[in-house]
Amino acid sequence: MTPIQLSFTAFGPFPKNEVINFKSLGKNPLFLINGPTGAGKTTILDAMSFALYGKTTGDERGGDQMRCDLAAADTLTEVVFSFHIGNASYRMRRVPDQPRPKARGEGFTQQSSEAQLWQLDEQGEPQKLLVSSKVTQANHAIQQLLGLSVDQFRQVMVLPQGQFRKLLTAGSAEREKIFSQLFQTGIYAKLEEALKRQALELNRELESINDSRQALLRQHDLEHTSALGVALDAADSHRHQMHLANLYAQAAFSSAEKVLTRAEQLAATYAQLDTLITKREALNEQSSLIEQDKIKLNAIERAKSIAAVYQHQVSAQASLAAIRERLAKAKTHTEQATIEFQRAQTRQADIPALQDRVCLTQEQIQKLERYSALVNDFQSAQSLYQESSLQFAEASTQREQKRASLTSSVESLDQWVAYQKQQSQLTEGLSAAQQRVFELTAAVELAQKRDILEKQRNDCKARLDESRSAGLRFKAEFDECESAATRLERDWHLGQAAILSKSLIPGEPCPVCGSQDHPSPQPSTIEVPTQEQIKEARLQVSLKDQNLTQERSNYRFINKELDKCINDLSECEEKLKDNAVLSLKDIESKLSEAEKQHQVGQQADIERRAAGEQIDKLNQQINTLRAELELLEQEVSRFRAAKEVAAANAGKLSADLPEEYRDSSVVEQALVNSRTALANDNKAIEDITNAIQAAYTSLQSQSAVEQAISEELPVVETQALQARDEFTQALKASSFDNEEAFKEAYQAIDSASSLQERLLQYDNAVTANNAAIDQLKEQIGSQERPDINRLSDDLNSYQHAKTEANKHWVAADHQVSDLLKTQERLDAIALKAQELDKAYAVVGTLSQVANGQTSSRVSLQRFVLSVLLDDVLLEASHRLLLMSKGRYNLLRKEERSAGNVASGLDLEVEDTYSGRVRAVETLSGGEGFMAALALALGLSEVVQAYAGGIRLDVLFIDEGFGSLDPESLDLAIQTLMDLQQGGRMIGIISHVAELKEQMPLRIDIETSRLGSRIAMADL
């Protein structure tokens, strides 16, 4: 990632828009960001980090806290950052949460945070919008583009104040996260996870198989697989016994079933015989009815011989009745036709009156048609008059409204002019109020610092007193221990003489003086101390001396810290000037009052500008109203003339048109009514004429019909009399006693065939029944009727015994089958378990090694990263040796960390002066800065050498150079210049004067009471 341009507005101490064009610094520049303390040097890095990730470099302040207090209320805080990644260019814009003035009315509203990301074309113009406004989407997109999280960005590309040593002192786990992202070693972590997952899956399968084996054994109450064979042999023997018992029960049941079947067949034959006998008795009971049917059938046969004569007589009588009925109806119709003809002749007298009314109606229609032509013209003239009147009234009303609006606008204009003048008077002291707020804000910060320093001074005095007391106590303890150790040493020397005197032998030479005479040996009067007691005493002296030395050093440090607090406190009071005598609360009260005055002035300025805008609007509105009023005056005159012309035309037409016909709808309705009346009268005349003609025709027709029927009646009466005589003679010749007996037989003619069929069926049934009874008696012979209930009970007993035997046999067979299946499943489980054991022996071992579950506790990814870290440390040590004048090397700690803490990526430093290796945390401030700088530069080289997908083309370093001596500073600058020659952009943030002299490429930060601003040094 290479910066192109950074632009920020109302951000940090910068109240206005500031732009840094990194292209103007040249290709791969080494430049200095210079300025006094608090001017806003680090704010440039904060703006860059905020634009990318929405967070500042130190993360002490959020984006919503970065708004400049000196910025105008209507100035929006925003950051825009353009940068290269490879061959592509991008632009990121962010706006933090902040209050802003309302678009309408007074007060403020909350501006929500937003972010936009564009891809730029070759000319640096937006080509494609990647993120429209959502902050979370922008954060994700930036992390995908750069390949770094915000923490990794701070540790690798931007090394901010207070964060510089984190990359150096980070633990194995944190360094693993940084390096895995930089070197894209996630594939090894995925391999570790895949092996771990496979091992767990194999282990779960093994546990599942063992559980399945135990579950199978528990189903058969077996403790182990060897007991399965014994259980299988016992079950097979039991199954054989149950099979024999089942065969015996089936044979007994089959025999009993056959006996019952034969008995049921004989019982069925007896039942058939009983049924036939019962049927014969029923047939004998029907014999009397059969005789009656035979007599009835004989009568029917005799009736058939005279049936034709009877039917002819009945037909003749029916014809006579029909013609008589027709004659009666014809007479009735003739009478009705006569009445209708007389009624029609009566209505004929109305025709002359109807004809007269038709003539009058035709005259009325002609008059109404003439009125219809006139009423349309009259209504048009009347409508035109009404429309003209309405337009005239509306125009007059609008004219009066416009006059009222014009008067109101003129009055409002006068009021706004007076209000603007009033607000202008209130804004006269705005600049002075703003300057006072700025001064009092600085005074509050100084007073806060003064209070803190006073507290620190008092604390230092208390600590100094405690240190002085502790020093006196440690000195007394040291003197006491020193005296005790001296006494022990003296006693030991004295004790040695006594020991020697005890070992002297008369006549033997003394080992000290060689004399053989020992006249007065030294006696032992004290207890002789041991060497261990003397060593312990000297050790206590050494410890007390260390305590005393450390406390003296602590006393000097506290005394120095106290002097610094006193100097800083004097500086604060000098800067406070007149406010030095005031407390923090008093200064804050003065600031609050000044801020209120400033806010009043700001609000008055806003109101003044708003009043000016309102005055402009009112002037424009007044001009518009005057032009509209002039147009309305013209329209009022025009509508007045049109109204007068329309009134004259309407008066002329009303003279020729009666008042009741001046409505077109009335005239039209009158025409419709007259035309309807005319049509009704004409139709009435036509209906009367048609009715007379129709009644006369109907009367003639009905009279002719009655005459024809009257002539036909005597002939039909003669034919009916002849048919009656013929039937009477035929009935006398038959054997029937009377006509009723004949009619009874005649009516039963249709049932003759069914009677014959029934008689035939009866004869056949009697014959068949007798034959069947004889056959069944012959079939039964001498056999007795069987006891079916007893035989059924016997069969049920055998059936139950067979069912129980079969159930026992099936259960025994199922038991054998289950045991055989269990044996097969256990064999399969054993084979599967053997295969899984072999697989787990390979995968489980690989998983343990890859996931660091060994004595070294180094995972596969950490092992790969340790190799990469070694390469980084080679590059870093090369630079660190130069900057430390050959003293320090960076090493990777090989020993495993205590406990379960991840290890393998921890760092140590080798001190070539002492020949010892120690923790990097023991380096001093300047040494730590050089080591962290060397590590960051080495990391940059190795990352790009391995082409891990991330290019570290830029490095920003915030402070740290002040801890270096002049020689180390030169060496560090030379190292950075070497890195610049390798194609890196390097920015240094510092206020060290020596750097300003050595680095002509600078971005200077200038500060004043009105805020800070950026000035590019002459290049």
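Within each chain, residue numbers correspond to sequence positions counted from 1 in written order. Thresholds applied to this predicted model are a pLDDT of at least 70 for local features of residues and 80 or more for the giving and counting of side-chain atom pairs; totals over whole chains, interfaces and linings are not thresholded and use all residues. Neither water nor hydrogens contribute to the side-chain values; these are computed over all heavy atoms in the structure.

## Overview of the overall build of the protein
Runs of E in the DSSP output that reach at least two residues are strands. Runs of H or I that reach at least four are helices, and both are numbered from the N terminus. On a plain count of helices and strands, the protein comes out with 21 helices and 17 strands. Atoms counted for the radius of gyration: C-alpha only. Globule rule: 2.2 Å times residue count to the power 0.38. Scaling as 2.2 N^0.38, a compact globule of 1019 residues should have a C-alpha radius of gyration of about 31 Å, whereas the protein reaches 67 Å, well beyond that. Relative accessibility thresholds used throughout: buried, under 20% of the residue-type maximum; exposed, over 50%; partly exposed, between the two (1.4 Å probe, protein chains only). Each of the 1019 residues in the protein was classed as buried or not, and the buried ones make up 36%. A sequence separation of at least 24 residues applies to 76% of the contacts in the protein between residues at least 6 apart. Only the protein chains shown count as cover for residues, and all accessible areas are computed by the Shrake-Rupley method using a 1.4 Å probe. For the protein, the exposed surface amounts to about 59,600 Å²; the carbon and sulfur share of it is 50%. Taken together, the 113 basic and 147 acidic charged side chains of the protein have centroids lying 4 Å from each other. Two residues qualify as a contact provided that any one of their heavy atoms is within 4.5 Å of a heavy atom in the partner residue. When charges are counted, Lys and Arg are positive and Asp and Glu negative, with His and the chain ends excluded. The atom standing in for a charge is NZ when the residue is Lys, CZ when it is Arg, CG when it is Asp and CD when it is Glu.

## Quick look at the sheet that holds strand β8 (residues 114-120)
A pair of strands is labelled paired if DSSP reports no fewer than 2 bridges between them. One open sheet holds the 6 strands; their spatial order is β2-β1-β4-β5-β8-β9, and the pairing between them is antiparallel. Edge strands, defined here as strands with exactly one partner in the open sheet, are β2 (14-21) and β9 (126-131). Averaged over neighbouring strand pairs, the angle between their axes works out to 15 degrees when direction is ignored. In this structure, strand β1 (residues 2-11) lies alongside β2, joined through 6 bridges in antiparallel fashion. Note on β2: the bridge partner recorded for T9 is N17. Most of the contacts of helix α1 (residues 41-53) go to β1, to which it runs at about 100 degrees, and overall it touches β1, β2, β4 (78-85) and β5 (88-95). Between N-to-C directions, angles cover 0 to 180 degrees, with each direction set by a line fitted to C-alpha atoms, over the stretch in contact for helices.

## With respect to the pairing of β8
In this structure, β5 lies alongside β8, joined through 7 bridges in antiparallel fashion. Considered in β8, the bridge of S89 is made with L120. Direction of pairing for β8 relative to β9: antiparallel, over a ladder of 4 bridges. Bridging across to β9, L117 finds its partner in V131. In this antiparallel pair of consecutive strands, β8 and β9, the connection spans 5 residues, and G124 shows a positive phi of 80 degrees.

## Remarks on the pairing of strand β12 (residues 907-911)
Burial within β12 is extensive, with 4 of its 5 residues counted as buried. Pairing of strand β11 (residues 888-892) with β12, which is carried by 5 bridges, proceeds in the antiparallel orientation. When the sheet's bridge partners are listed, N889 is paired in β12 with E910. When β12 meets strand β13 (residues 916-919), the two strands line up antiparallel, connected through 4 bridges. Each residue of the ladder has a partner; that of D911, found in β13, is R916. What sits between the antiparallel neighbours β12 and β13 is a turn of 4 residues, in which G915 has the positive phi angle 75 degrees.

## Notes on the sheet that holds β12
The strand order β11-β12-β13 describes an open sheet built from 3 strands, whose pairing is antiparallel. Of all strands in the sheet, those with a lone pairing partner are β11 and β13, marking the two edges. On average, adjacent strands in this sheet sit at an angle of 35 degrees to one another, irrespective of strand direction. This element, helix α18 (residues 860-883), spans β11 and β12 of the sheet and lies at about 175 degrees to β11.

## Re the nonpolar core
Judged by nonpolar contacts, the single largest core of 45 residues is most densely connected at M1, L6, F8, F22, F31, I44 and L52. In terms of residues, this core owes the most to one element, α1, which gives 8 residues. Among all residues touching F22, those that are not within four sequence positions of it are P3, I4, Q5, L6, F31, M48, F956 and M985. For our purposes a nonpolar core is just a set of buried Ala, Val, Leu, Ile, Met, Phe, Trp, Tyr and Cys residues, chained together by side-chain atoms within 4.5 Å. Listed in part, the 42 residues of the second largest apolar core include L880, Y888, M930 and A972.

## Structural notes on the packing of aromatic side chains
When we look at a pair of aromatic rings, we describe it by the centre distance and by the angle of the planes. Ring pairs are drawn from Phe, Tyr and Trp, using the six-membered ring of Trp, whenever the two centres fall within 6.5 Å, and their geometry is named by plane angle: stacked under 30 degrees, edge-to-face over 60, tilted for the rest. Enumeration over the complete set of coordinates arrives at 9 aromatic pairs. On the numbers, 6.3 Å between centres and 55 degrees between planes, the contact of F22 with F31 is tilted. F31 matches F22 in its accessibility class, with the two residues each being buried. Two thresholds decide whether a charge sits over a ring: the Lys NZ or Arg CZ must be within 6 Å of the ring centre and within 35 degrees of the ring normal. Stacked on the ring of F253, the Lys or Arg K802 has its end atom at 4.4 Å from the ring centre.

## Some details on the pattern of salt bridges
By convention in these notes, a salt bridge is any Lys or Arg side-chain nitrogen within 4 Å of a carboxyl oxygen on Asp or Glu. One pass over the full model with this rule turns up 28 salt bridges. The closest approach of N and O atoms between D479 and K475, which form a salt bridge, is 2.8 Å. Placement of both D479 and K475 in helix α11 (residues 430-503) is noted, with a separation of 4 residues, approximately one turn of the helix. For the salt bridge of E477 with K544, the shortest nitrogen-to-oxygen distance reads 3.2 Å. Placement of the pair is E477 in helix α11 and K544 in helix α12 (residues 531-576), with a sequence separation of 67 residues. In this structure, a network of salt bridges that share partners links the residues R399, E400, R403 and E633.

## Details of the side chain of Q98
Relative to the helices and strands, Q98 resides in strand β6 (residues 98-101). Q98 gets classed as buried once you look at its relative accessible area, which sits at 1%. Counting of polar contacts relies on pairs of N or O atoms within 3.5 Å, with two restrictions inside protein: one atom must be capable of donating a hydrogen and the other of accepting it, and residues adjacent in sequence are counted only when both atoms are side-chain atoms. One polar contact links the side chain of Q98 to the main-chain carbonyl oxygen of T77, over a distance of 2.9 Å. In contact with Q98, other than residues within four places in its own chain, are R67, T75, L76, T77, T109, Q110 and Q111.

## What to know about the side chain of E551
Relative to the helices and strands, E551 resides in helix α12. Buried within the structure, E551 lacks any salt-bridge partner; its nearest side chain of opposite charge belongs to R473, at an N-O separation of 6.6 Å.

## Some details on the packing of helix α9 (residues 307-347) against helix α15 (residues 739-747)
Viewed as axis vectors pointing N to C, α9 and α15 meet at an angle of 105 degrees, and their least axial separation amounts to 12 Å. The orientation of α9 relative to α15 falls into the category roughly perpendicular. Contacts between α9 and α15 involve A307, Y310 and Q311 on the former and, on the latter, E739, F742, K743 and Y746. Note on residue classes: Ala, Val, Leu, Ile, Met, Phe, Trp, Tyr, Cys and Pro are nonpolar, Asp, Glu, Lys and Arg are charged, and everything else, Gly too, is polar. Residue classes in the contact of α9 with α15 are distributed as 4 nonpolar, 1 polar and 2 charged. In these notes the angle categories are as follows: under 35 degrees is roughly parallel, over 145 is roughly antiparallel, 65 to 115 is roughly perpendicular, and the rest is oblique.

## Describing α15
Taken together, the buried positions of α15 are E739, F742 and A745. Angularly, the buried residues of α15 cover 125 degrees about the axis, an arc narrow enough to put them on a single face. Exposed positions of α15 whose direction lies more than 90 degrees from the buried face are E740, E744 and Q747. Arc definition: it is the arc formed by the directions from the helix axis to the C-beta atoms.

## Looking at unusual backbone geometry
In this structure, A10 takes a positive phi of about 55 degrees despite not being glycine. By secondary structure assignment, the location of A10 is in strand β1. Although it is not a glycine, K885 adopts a positive phi angle of roughly 60 degrees. The partly exposed category is assigned to K885, whose relative accessible area is 41%.

## Looking at the UniProt feature "coiled-coil region" (unreviewed entry) in the protein
UniProt positions are given in the numbering used here, feature names are shortened, and annotations may be inferred rather than shown by experiment. Following the UniProt record, the feature "coiled-coil region" (unreviewed entry) maps to residues 188-219, 443-470 and 555-649 here. Secondary structure across residues 443-470 comprises 100% helix and 0% strand; the distance between its end C-alpha atoms is 39 Å. Here residues 555-649 is 93% helix and 0% strand, with 122 Å between the C-alpha atoms at its ends.

## Topic: the environment of V636
Mapping V636 onto the fold places it in helix α13 (residues 584-654). A sequence separation of 242 residues divides V636 from E394, and the C-alpha atoms of the two residues are 8.7 Å apart. Ignoring anything within four residues of it in the chain, the contact list for V636 reads F392, A395, S396 and R399.

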